[in-house]
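Close look at the chain arrangement
Here is how the chains run, residue by residue.
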Amino acid sequence: MEPFKGKPPVRMPPLLLRALERLNDVESLPGSSGYAEAVAELSRLFTKERVALRSGYLDDPDHAAAYLRYFLPVNLSKIQVLLDEMPEATLIDKQGSGLNVLDLGSGPGTGALAVLDWLHQRHPEQAGKLTVVAIDSSADALSQAGQLWDSYCRESGIAGARLTPYETDLERPLNGPSGGQIYKNGPYDVIIMANCLNELFSRAVDPIGARTGLLAGLLTLLAPHGTMMLVEPALRTTSRELHEVRDRLLHDRRCTVYSPCLHERPCPALVNPDDWCHEERAWDPPAAIQAIDQEVGFIKDALKFSYLLLRTDGRMIVERRPDVYRVVSELRELKGEKRAWLCNELGRQEVGRQDRLASPENAAVDAWHRGAIVQIERIVRKEMGGKVSALGRIEQDATVKIVRPV
């Protein structure tokens, strides 16, 4: 079935496209085929050959140019999708001091630029008060971040927004001399780590423990109303590692999950080694990306990622109840019925509604999609051969609602 249920696709704002085009005119490869080859190589490193991915890949000129042209727009769009999901009180400063953001593993300023554009598009009076500290181990990437930031501010007429680039290795202790800038500029309203956590501590004895320790320290730098955003590739390995980090942070009571989880219990996707949880949102790629896709043979018409929005104040995206679920799969159309996997404090379960039992009360099932938060009045399970079926059923008179589309 159509996974997005008619939801409008995410689009890159024209201002961002112009800022990227100006930088790409400077940071360019000889011809579109050069971009395509570098994009294909980076894609292999990000997916199939992750063991060969090295921390300094953005120091390679070809990789850096390909990242700017192709991967930055994709990852920036993912961050903006999640900014839309965050509580507005986190992003809109009502005291007049401005929003303070920490972009970790920033590369060419992906998170910084995402927030700057998001504010300019929705709350332009706030954009000039934005302060971002961008942290990366690549001096070249941070230089590009500054150029993109300046280009966007010129295009948009924003005056006063500040980007502070800081070169450091996130695997070093952040409370030592190398990380002093991070603590000096806190607390932060938003902390962003996009496609970065999985690349850290890969050679450690306990990578999950090391990543958990890093995040535990960073959570202390959140403002009381702040949110930490973690975005990771929608691969099985990287997603499951994020689930493991989540479980350790929650076990140690370091934070709570605002979204996507509707509970603080151990992640049920970790029970089966073949399961993992990820998001998928419709995306309308810019023409430059479509051209590279055509040359390389990719189809980039959706944003796929795993994520966590963490807070320390206990705030949740919706009220948690045993009859409220997150849809964690596509809605599948089988012979005579529709099914999807749902998740909440009761675990991960498959639920379906037979077509012959469709009714006005349960019509919302037809609009289910990955990421939707839904409420189901009643789920029944039939007994067969002395065993209760694992498949839940929605009956004709059961009321079904979509509490929040995404």
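Okay, so let's go over this structure. Throughout this description, residue numbers start from 1 for each chain and increase along the sequence as written. The predicted origin of the model limits local features to residues at a pLDDT of at least 70 and limits the giving and counting of side-chain atom pairs to 80 or more, whereas totals for whole chains, interfaces and linings rest on all residues. In computing side-chain properties, one takes all heavy atoms of the structure into account and sets aside hydrogens as well as water.

The next subject is helix α5 (residues 110–122). Secondary structure follows DSSP: runs of H or I at least 4 residues long count as helices, runs of E at least 2 residues long count as strands, and numbering of each begins at the N terminus. In this scheme, a helix's expected span is set at 1.5 Å multiplied by one less than its residue total. A rise of 1.5 Å per residue sets the reference length of α5, with its 13 residues, at 18 Å; its end C-alpha atoms lie 18 Å apart and thus fit the reference within 8%. Of all 13 residues in α5, 11 are buried, a share of seventy percent or more. Taken together, the buried positions of α5 are Thr110, Gly111, Ala112, Leu113, Ala114, Val115, Leu116, Asp117, Trp118, Leu119 and His120. Between buried and exposed lies partly exposed: a residue is buried under 20% and exposed over 50% of the maximum accessible area for its type, with that area taken using a 1.4 Å probe on protein chains only.

Among the secondary structure elements, Leu142 is positioned in helix α7 (residues 139–156). Overall, the relative accessible area of 7% leaves Leu142 in the buried class. Residues Leu142 and Glu167 lie 25 residues apart in sequence; the distance between their C-alpha atoms is 7.5 Å. Non-local contacts of Leu142, meaning those with residues more than four positions away in its chain, are made with Ser106, Gly107, Ala134, Ile135, Asp136, Pro165, Tyr166 and Glu167. Residue contacts are counted whenever heavy atoms from the two residues lie within 4.5 Å of one another.

This next bit is on a negative patch on the surface. What makes a patch is a set of residues exposed beyond 30% relative accessible area and free of salt bridges, joined within 9 Å when like-charged and within 5 Å when nonpolar (Val, Leu, Ile, Met, Phe, Trp, Tyr). The Shrake-Rupley method, run with a 1.4 Å probe sphere, supplies the accessible areas, and residue values consider only the shown protein chains as cover. Here a salt bridge means any side-chain nitrogen of Lys or Arg lying within 4 Å of a carboxyl oxygen belonging to Asp or Glu. Neither His nor the chain ends is counted toward charge; the positive residues are Lys and Arg and the negative residues Asp and Glu. Each charge is placed at NZ for Lys, CZ for Arg, CG for Asp and CD for Glu. Judged by side-chain charge, Glu37, Glu41, Asp59, Asp60, Asp62, Asp140, Glu167 and Glu295 come together as a negatively charged surface patch. Its location among the elements puts Glu37 in helix α2 (residues 32–46). Assessed through its relative accessible area of 58%, Glu37 is described here as exposed.

Attention now goes to the packing of aromatic side chains. Working definition: rings of Phe, Tyr and Trp (its six-membered ring) pair if their centres are within 6.5 Å, and the pair is stacked with planes under 30 degrees apart, edge-to-face with planes over 60 apart, and tilted otherwise. Scanning the entire structure with this criterion turns up four aromatic pairs. Arranged with centres 5.0 Å apart and planes meeting at 75°, the rings of Tyr70 and Phe71 form a pair that is edge-to-face. No difference in accessibility class separates Tyr70 from Phe71, as the two residues are buried. Within the aromatic cluster, the residues linked to one another by ring pairs are Tyr67, Tyr70, Phe71 and Phe298.

What follows deals with the side chain of His120. Summarising the element assignment, His120 is placed in helix α5. Using a relative accessible area of 19% as the deciding quantity, one classes His120 as buried. In this structure His120 touches Leu15, Ala127, Tyr152, Ser156 and Ile158, once residues within four positions along its chain are discounted.

This part takes up the state of the cysteines. By convention in this document, the label disulfide applies to cysteine sulfur atom pairs within 2.5 Å. The full count for this structure, using the stated rule, is zero disulfides. Looking at Cys261, it has no disulfide partner, and the nearest cysteine sulfur is the one in Cys267, 6.2 Å off.

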